[in-house]
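# An overview of the molecular structure
These are the residues of each chain, in order.
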Amino acid sequence: MTLPASLDEAVAALTAMPAAVPVAGGTDLMAAVNAGLLRPAALVGLGRINEIRGWQYQDGHALLGAGLTHARMGRPDFAALIPALAAAARAAGPPQIRNAGTLGGNIATAAPTGDALPVLAALEAVLVIVGPGGQREIPVSHLLAGREMLRPGELIGFVRVPLLHAPQVFLKATGRTGPGRAVASVGLVLDPARRGVRCAIGAVAPMPLRPLEAEQWVASLIDWDGGRSLAPEALEAFGEYVAAACVPDQGEPVAPGVLHLRRTVAVLARRALGRALTS
């Protein structure tokens, strides 16, 4: 394993060894290796790169290092900055996973059940990609949807997240799919400056889903000037709207599993918006 001390050294190592795989916490990578799904020819360890292990403020945004661990993001000082991402980090699994797993690894692996992913999608986070040609930025949603991919020698250096100073919520439902693994999750943020609601549903598809029509519909009903109130029936309808958009019918009759998942998503979306509006 190569252990670079800077992002530039990491990029050089990945460029020199095109078959090498970058690894930080290794929680997802080792699971893939143990399952026989991955046999990396070489590894480039990112654990010694201090510049990606913290965060800084930048023009109304937080620039988060890709090496931030879930345990670090779950601490109170980070929670005061980006509450929903901190909640997702605390829900990421047992202590050994949270201590090792990183923000960048969660994004690069792009597992559908990644807890940080719906929050980052709802926040409309942007990735700062570092590679042989310098830096470039892409929306996190583009990478997760496969619209833009990492090029040879590139890795995720930072994640730029807007600081909204407004309520945001992360919730998830777990089942028998593994310890703490989400059956469905939701990241939801209010954006009072733009009078908007942003919601992303995780774990029900290969990437987080944004129910854009449901967002626009419910945002038009919120009393933004009068305490952000919303009629209870509208809150209920929002949950159903989100569920129908993210868990569509797969023929008739609708399978019981699909109905259960739709009910789960509806409850999560309704509760998340309710909590955000009363925060």
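Note that the coordinates shown come from a computational prediction; the quantities given were computed from them, not determined experimentally.

### Things to note about the packing of aromatic side chains
All told, the structure shown has two aromatic pairs when counted by the stated rule. Ring geometry for Trp55 against Phe78: centres 5.1 Å apart, planes inclined by 80°, an arrangement best described as edge-to-face. Separated by 23 residues along the polypeptide, Trp55 in strand S3 (residues 55–58) and Phe78 in helix H4 (residues 76–79) bring together distant segments of the chain.

### Concerning the domain arrangement of the protein chain
The accessible area lost on association of the parts is a frequent measure of interface size. Under the domain assignment, the protein chain is made up of domain 1 (49–162) and domain 2 (168–278). The gap between the C-alpha centroids of domain 1 and domain 2 is 22 Å. At the interface, 20 residues of domain 1 touch 23 residues of domain 2. Taken over both partners, the interface formed by domain 1 and domain 2 buries close to 1,600 Å², and the fraction arising from carbon and sulfur atoms is 64%. Scanning the region where domain 1 abuts domain 2 turns up four salt bridges. Among the salt bridges present, the one from Asp115 reaches Lys172, with a minimum N-O distance of 3.0 Å.

### Quick look at the pairing of strand S4 (residues 61–65)
Most of S4 is tucked away, with four of its five residues classed as buried. The pairing of S3 with S4 spans four bridges and is classified as antiparallel. Looking across to S4, one finds that Tyr57 is bridged to Ala62.

### Observations concerning the packing of helix H10 (residues 212–219) against helix H11 (residues 232–246)
It is at 9 Å that the axes of H10 and H11 come closest, and there the two elements cross at 170°. One element, H10, and the other, H11, form an angle in the roughly antiparallel class. In this structure, H10 uses Glu213, Ala214, Glu215, Trp217 and Val218 to contact H11, whose residues at the interface are Ala234, Ala237, Phe238, Tyr241 and Val242. Among the residues forming the contact of H10 with H11, the class breakdown is eight nonpolar, no polar and two charged.

The rules behind these values
In this convention, every chain numbers its residues from 1, walking through the sequence in written order. Where totals are concerned, whole chains, interfaces and linings use all residues; where local detail is concerned, this predicted model gives features only for residues with pLDDT of at least 70, and gives and counts side-chain atom pairs only at 80 or more. Excluding hydrogens and water, the side-chain values take into account all heavy atoms of the structure. What counts as a ring pair is set by centres within 6.5 Å for rings of Phe, Tyr and Trp (its six-membered ring), and what kind of pair is set by the plane angle: stacked under 30 degrees, edge-to-face over 60, tilted for all other angles. Secondary structure elements are defined from DSSP: runs of H or I of at least 4 residues count as helices, runs of E of at least 2 residues count as strands, and each element is numbered from the N terminus. Reported domain spans reflect what an automatic or database domain assignment gives. Any pair of residues with heavy atoms lying within 4.5 Å of one another is described as a contacting pair. Buried area counts how much accessible surface, traced with a 1.4 Å probe, disappears from two parts once they are put together, with both parts' losses summed. By definition here, a salt bridge exists when the distance from a side-chain nitrogen of Lys or Arg to a carboxyl oxygen of Asp or Glu is within 4 Å. Residue burial is assigned from relative accessible area. The probe radius is 1.4 Å, only protein chains are included, and a residue is buried under 20% of its type maximum, exposed over 50%, and partly exposed in between. Two strands qualify as a pair provided that DSSP identifies no fewer than 2 bridges between them. Only the stretch in contact is used when a helix axis is fitted, and all axes are lines through C-alpha atoms; the angle between N-to-C directions ranges over 0 to 180 degrees. Any angle that is under 35 degrees is reported as roughly parallel, and any over 145 degrees as roughly antiparallel; angles of 65 to 115 degrees are reported as roughly perpendicular and all others as oblique. Residues are grouped as follows: Ala, Val, Leu, Ile, Met, Phe, Trp, Tyr, Cys and Pro are nonpolar; Asp, Glu, Lys and Arg are charged; all remaining types, including Gly, are polar.

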